[in-house]
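# Residue-level structural notes
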Amino acid sequence: MLLHHPGTGDVEAYLAMEKAVADGKIRSLGLSNWYVEELEEFLPQINITPALVQNEIHPYYQENDVIPYIHSLGIVVQGWYPLGGRGYTAELLGNEVISEIAAAHGKSSAQVILRWNLQKGVVVIPGSGNPDHIQENTELFDFELTEEEMERINALDRGEKHDWY
């Protein structure tokens, strides 16, 4: 169960979630849309370390300072909107750098972006209702991006969130 976006009453809500874990109603807890400052304030007030922190992460919004911090706490980082999100996916998939890297590997742009996340240690949750896309999204383990390719994608960071928060 995830506590979504920091706000008033978070500690109380999380402690209630911890009680649900103790009662066997929930197996693990996590957070969504939390960053370094919020985590530093929040974590000392709770008892169960979150299993994961789920944040928006894609080549135009990379969170390169947040990912290592969360990893250093032994928490999994999960990226939502890994392909840019509603209204932005086509632009991201058509990005020249990503397209060039995809062509070099005989892969799609989506596969390159998902692989880039995995190599950064980010678990990805791409959404699709298209069976072909769902299958394609699983075919990420027969290639690896070079350090130079990772750097080229890292250079695309615009600090550009594609959702409301």
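For the structure, see preceding data.
The following paragraphs examine the structure supplied in this document. (Residues numbered from 1 in each chain as written. Predicted model: local features only at pLDDT ≥ 70, side-chain atom pairs only at ≥ 80, totals over all residues. Heavy atoms only, no water.)

### Here we look at the packing of aromatic side chains
Where we set the bar: Each pair of aromatic rings taken from Phe, Tyr and Trp, with Trp reduced to its six-membered ring, is defined by centres within 6.5 Å and is described as stacked if the planes are under 30 degrees apart, edge-to-face if over 60, and tilted in the remaining cases. When a residue's accessible area, from a 1.4 Å probe over protein chains only, is under 20% of the maximum for its type it is buried; when over 50% it is exposed; and in between it is partly exposed. Working rule: Lys NZ or Arg CZ, within 6 Å of ring centre, within 35 degrees of ring normal, means a charge sits over the ring.
Overall, the coordinates contain three aromatic pairs when judged by the stated rule. Ring centres of W34 and F42 lie 4.5 Å apart, and the angle between their planes is 50 degrees; on these two criteria the pair is classed as tilted. F42 sits in the buried class, given a relative accessible area of 4%. Counting every residue linked through ring pairs, the aromatic cluster contains Y14, W34 and F42. The ring of Y60 carries R158 above its face, with NZ or CZ at 3.7 Å from the centroid.

### Some words on the packing of helix α6 (residues 109–119) against helix α8 (residues 147–154)
Angle between the axes and distance between the axes are the two parameters that describe a pair of packed helices. Short version of the rule: Fitted lines through C-alpha atoms serve as axes, helices being fitted only where they are in contact, and the angles separating the N-to-C directions of these axes extend from 0 to 180 degrees. Runs of E in the DSSP output that reach at least two residues are strands. Runs of H or I that reach at least four are helices, and both are numbered from the N terminus. Comment on the angle field: the value is read as roughly parallel under 35 degrees, roughly antiparallel over 145, roughly perpendicular from 65 to 115, and oblique elsewhere. Whether two residues are in contact is decided by their heavy atoms, any of which lying within 4.5 Å being enough. Ten residues, namely Ala, Val, Leu, Ile, Met, Phe, Trp, Tyr, Cys and Pro, are considered nonpolar, four, namely Asp, Glu, Lys and Arg, are considered charged, and the remaining ones, Gly among them, are considered polar.
Packing of α6 against α8 leaves a shortest axis separation of 11 Å and a crossing angle of 105 degrees. In terms of axis orientation, α6 runs roughly perpendicular to α8. Counting all contacts with α6, which are made through V112, W116 and Q119, the residues of α8 involved are M150, I153 and N154. Its residues placed into classes, the contact of α6 with α8 shows four nonpolar, two polar and no charged.

### Concerning the pairing of strand β3 (residues 52–56)
As a reminder of what qualifies: Here the rule is simple: two strands pair whenever DSSP picks up at least two bridges between them. Here the term right-handed applies to a crossover when the path leading from its first strand over the helix to its second strand runs clockwise, the strands being oriented away from the viewer.
The buried fraction of β3 amounts to five of the five residues, a majority that puts the element mostly inside the structure. Both faces of β3 are covered, namely the face carrying L52, Q54 and E56 and the face carrying V53 and N55. By the bridge criterion, three bridges tie strand β2 (residues 30–32) to β3 in an arrangement that is parallel. Paired with S32 across the two strands is Q54, which belongs to β3. With helix α2 (residues 36–42) bridging β2 and the parallel β3, this β-α-β connection has right-handed handedness.

### So, the packing of helix α5 (residues 96–105) against α8
Under the convention used in this document: Two helices crossing with the near one rotated counterclockwise from the far one by less than a right angle form a left-handed crossing, whereas a clockwise rotation gives a right-handed crossing.
Axis separation between α5 and α8 bottoms out at 9 Å; the angle between their running directions is 155 degrees. Regarding the angle of α5 to α8, the classification is roughly antiparallel. Considering only the axes of α5 and α8, their crossing is left-handed. Residue-level contacts link V97, E100, I101, A104 and H105 of α5 to E149, R152 and I153 of α8. Residue composition of the contact of α5 with α8, by class: four nonpolar, one polar and three charged.

### What to know about the pattern of salt bridges
Should the charged atoms of two oppositely charged side chains come close, the side chains can pair. The cut-off we apply is this: Take a side-chain nitrogen of Lys or Arg and a carboxyl oxygen of Asp or Glu: if they are within 4 Å of each other, that pair is a salt bridge.
Taken as a whole and judged by the stated rule, the model has four salt bridges. Between E91 and R158 there is a salt bridge; the shortest N-O distance is 3.1 Å. In this pair, E91 sits in helix α4 (residues 89–93) while R158 sits in the segment after α8, placing the two residues 67 residues apart along the sequence. The exposure class assigned to E91 is partly exposed, which follows from its relative accessible area of 39%. Close ionic contact of D142 with K107 constitutes a salt bridge, the shortest N to O distance being 2.8 Å. Residue D142 is located in the loop between α7 (131–138) and α8, and its partner K107 is located in the loop between α5 and α6; the two are separated by 35 residues in the primary sequence. D142 gets classed as exposed once you look at its relative accessible area, which sits at 59%.

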